[in-house]
Amino acid sequence: MRSEDIAIPATMLRRMTFENFDPKGARSSTPNQRESLSMALDAARSFAEQPELCLFLDGPTGVGKTHLAIAIAGWQSQLDVEIKFWVVSDLLDYLRHAYSRSSDSEFYTIFNATRNTELLILDDFAAPTMTDWALERLYQLIAHRLDRMLPTVITSQYILWRGADNSHWSPLEGRLYWESIRSRLNDSSVVTERLMAAPDYRNRGA
């Protein structure tokens, strides 16, 4: 499969590989932080070799979440797997645009192709500012894939498991579809979560 077939620039596929991911992170990383990067790398490699269920990579900006997601795509693209990669905000904007033009055919073509692809990568999942319409589409997408156990990779700056600092999710409390989304993503029998708790991956000198 060619890189253009999975909508990921060839430069990203060449640069963001498992071999190019450095689990040592920034110079200021502690042993525990480096261990979190190593565990995420191991989980991503395992998923790439045998993709099943859902891998959720969370952690602050710049720790390599997208890097590992692209590395999974690069590995799977060699096996002729159908892959779709979307930044979540871009996907929702695209769907909203098609929906607002009353183009049912375009909307459902995009939506169904996304939720039924062999491997789906949703990058930068950040729900607090989403509209109810967007949350409903996101719920439909996630529920469809998890119920059918379709391989899915999700990256997010925000930690989902309860007990962490969840203040960033407070705008969503009581919002329709949010608790259903969060409940599904917190199901450890379906979703493997790896927290990448380290300093900014790009700031090597820090």
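Provided above is the structure to which this section pertains.
Given the structure is predicted, the values throughout are model-derived calculations rather than measurements.

A. Focus on the sheet that holds strand β5 (residues 191-195). Reading across the sheet, the five strands line up as β2-β3-β4-β1-β5 and stay open at both edges, with parallel pairing between neighbours. Only two strands of the sheet have a single neighbouring strand rather than two, namely β2 (83-87) and β5. Within the sheet, the average angular offset between the axes of one strand and its neighbour, ignoring direction, is 10 degrees. When strand β3 (residues 119-123) meets strand β4 (residues 152-156), the two strands line up parallel, connected through three bridges. By the bridge assignment for β4, isoleucine 121 is matched with valine 153.

B. Inspection of the pattern of salt bridges at higher detail. The final tally for this structure, using the stated rule, is four salt bridges. A salt bridge links arginine 137 to glutamate 136; the shortest N-O distance between them is 3.2 Å. The class for arginine 137 is buried, based on a relative accessible area of 8%. By relative accessible area, glutamate 136 is classed as partly exposed at 24%. For aspartate 147, the salt bridge identified is with arginine 184, shortest N-O distance 2.6 Å. With aspartate 147 in helix α6 (residues 132-147) and arginine 184 in helix α7 (residues 178-185), the pair connects residues that are 37 residues apart, well separated along the chain.

C. The packing of helix α2 (residues 31-49) against helix α3 (residues 65-77), seen in detail. Where α2 contacts α3, the axes come no closer than 9 Å and their chain directions differ by 25 degrees. Classified by the angle their axes make, α2 and α3 are roughly parallel. Judged by the sense of rotation from one axis to the other, the crossing of α2 with α3 is right-handed. Contacts between α2 and α3 pair Ala40, Leu41, Ala44, Phe47, Ala48 and Glu49 from the former with Leu68, Ile72, Trp75 and Gln76 from the latter. Looking at the contact of α2 with α3, its residues break down into eight nonpolar, one polar and one charged.

D. Examining empty space enclosed by the protein more closely. Taken as a whole, this structure holds one cavity of 30 Å³ or more when the rule is applied. Looking at the largest cavity, the residues that line it are Cys54, Leu120, Leu122, Leu141, Ile142, Arg145, Leu146, Thr152 and Ile154. For the lining of the largest cavity, the secondary structure elements donating two or more residues are β3, α6 and β4. Sort the elements by how many residues they give to the lining of the largest cavity and α6 lands first, with four residues. Tallied by class, the residues present in the lining of the largest cavity amount to seven nonpolar, one polar and one charged.

Criteria and cut-off values
Residues numbered from 1 in each chain as written. Predicted model: local features only at pLDDT ≥ 70, side-chain atom pairs only at ≥ 80, totals over all residues. Heavy atoms only, no water. Pairing = 2+ DSSP bridges. Helix = DSSP H or I, 4+ residues; strand = E, 2+ residues; numbered from the N terminus. Axes fitted to C-alpha atoms, helices over the stretch in contact; angles between N-to-C directions. Salt bridge = Lys/Arg side-chain N within 4 Å of Asp/Glu carboxyl O. Buried < 20%, exposed > 50% of the residue type's maximum accessible area, 1.4 Å probe, protein only. Parallel < 35°, antiparallel > 145°, perpendicular 65-115°, else oblique. Left-handed = near helix turned anticlockwise from the far one by under 90°. Contact = heavy atoms within 4.5 Å. Nonpolar A, V, L, I, M, F, W, Y, C, P; charged D, E, K, R; others polar. 1 Å grid on protein atoms, 1.4 Å probe; cavity = no way out; pocket = protein on both sides within 12 Å on 5 of 7 lines; lining within 4 Å. Points joined across faces, edges and corners; volume = space filled by probe spheres on them.

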